[in-house]
Every structure is written in C-alpha cells, then in structure tokens.
Amino acid sequence: LLALERIKREVWSAASARTKHRLLISTAFVHLTFGDTAKSIDYFREASATDPGKPWSLTALAYAELLAGSLAAAFSYAQKALAEDSTLENAAVALIHASPRDLSLEDLQQIVPDGLQEKAQILCALTNAARDRGLDDDALILAERAYTKEPNNWRAQALLASELLR
C-alpha cells in the first residue's frame, strides 16, 4: 500500500487516465485484501471517475456496487462493460457474483462471453455461483475444470479442495 501511495505521489500529475485508473484499482484491491471494504469501495468509485464511460471504469463501478451490496446495479454495470469489451475477465467475475440468485446456472453461463467461459478465474466464480444455488455436483465439476486449466492457481486449488471435502 505504501508503494502504491508513493507511486501515486510521484506520477499522478503526468499519468494518463488509464494509468490513474490502474493505480486506483490496485489500491482498491489492496484495501479489500486488508478487509477495509469501505475504502475499497471509495477507490473503485474514484477509479471509475478517472476514465468515465470506458468498459474498465464500468467494471470498477460494478465492483463498488457489488461490495456495497447493490447487486442489481453491479450486475447492470458488469453487463454494460462486457457489452463494450467481451474480454474483461474482471467484469465477468463481477457479473457472476452479482447475478440474481433466481438466474439458473445454465443461464448465467450463457451470458458469460464465449472467450471467457473456460478461464480459471471465471470457472472459480461459477463454482461459487453453483454452490450458492445448492448445485454441489456442478460446483465440483466447475472446480475441477478450473484446477485443470490452471493447476498452480491458488484459488482453483482451494475451491477444488473445498468441493472435494463436501
């Protein structure tokens, strides 16, 4: 966090909007990692304001709303981001986590862009979505696929272990 703050002080005035966005997003995730959700939300919102209307800024808003508990708003922002750039993995993760619980797992998978459906990060998010919907067999299958895609991915390892222990 100190390094990010130092970088911000040193480069902010000359930085492009995209660089400012990335720096603020990194800071948001650090605060989230340390458990400071409120600061994380603030940084996600600030990041979105550095480059408004861009798909990565919509993704930042999706994360802010997701963390704030506004799932419908988060889902909407993630959908808009993916409509503009279907390669944004973080937008797809936000979409999955914010998805309405009455949306079936099959329907949820259908709205994830084709090019992202087999990414480990997406499969991990879908594993959680399956578990949230009480679909234990599907959760195990998705966790196995995530691990197969990236066996060194700690999230995939942890999810598979968790599913195997159920």
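Residues numbered from 1 in each chain as written. Predicted model: local features only at pLDDT ≥ 70, side-chain atom pairs only at ≥ 80, totals over all residues. Heavy atoms only, no water.

Caption draft 1: Representation of the side chain of S99. Structurally, the position occupied by S99 is in the loop between helix 6 (89–98) and helix 7 (105–111). In this structure the side chain of S99 is engaged in a polar contact, spanning 2.8 Å, whose partner is the backbone oxygen of I96. A polar atom in the side chain of S99 sits 2.9 Å from the side chain of R133. In contact with S99, other than residues within four places in its own chain, are F75, L108 and R133. (Helix = DSSP H or I, 4+ residues; strand = E, 2+ residues; numbered from the N terminus. Polar contact = N/O pair within 3.5 Å; in protein donor to acceptor, adjacent residues only side chain to side chain. Contact = heavy atoms within 4.5 Å.)

Caption draft 2: Looking closely at the packing of aromatic side chains. In total, this model carries three aromatic pairs according to the counting rule given. Centre to centre, the rings of F29 and F44 are 5.1 Å apart; their planes meet at 90 degrees, and the pair counts as edge-to-face. With F29 in helix 2 (residues 17–33) and F44 in helix 3 (residues 37–50), the pair connects residues that are 15 residues apart, well separated along the chain. Residue class for F44 comes out buried when judged on its relative accessible area of 1%. Judged by centre distance (5.5 Å) and plane angle (20 degrees), the rings of F44 and Y63 are stacked. (Phe/Tyr/Trp six-rings, centres within 6.5 Å; stacked < 30°, edge-to-face > 60°. Buried < 20%, exposed > 50% of the residue type's maximum accessible area, 1.4 Å probe, protein only.)

Caption draft 3: Structural detail: the packing of helix 8 (residues 120–132) against helix 10 (residues 154–164). For the pair helix 8 and helix 10, the least separation of the axes is 10 Å and the interaxial angle reads 25 degrees. Considering the angle they form, helix 8 stands roughly parallel to helix 10. Between helix 8 and helix 10 lies a crossing whose hand is left-handed. Contact residues: C124, T127, N128 and R131 in helix 8; R155, A156, L159, S162 and E163 in helix 10. Considered class by class, the residues forming the contact of helix 8 with helix 10 number three nonpolar, three polar and three charged. (Axes fitted to C-alpha atoms, helices over the stretch in contact; angles between N-to-C directions. Parallel < 35°, antiparallel > 145°, perpendicular 65-115°, else oblique. Left-handed = near helix turned anticlockwise from the far one by under 90°. Nonpolar A, V, L, I, M, F, W, Y, C, P; charged D, E, K, R; others polar.)

Caption draft 4: Structural context of helix 3. With 14 residues, helix 3 extends 20 Å from end C-alpha to end C-alpha; this agrees with the ideal 20 Å at 1.5 Å per step. Turning to helix 3, its buried residues number three or more, namely S40, I41, Y43, F44, A47, S48 and T50. In this fold, the buried residues of helix 3 make contact with helix 2 and helix 4 (55–68). (Expected span 1.5 Å × (residues − 1).)

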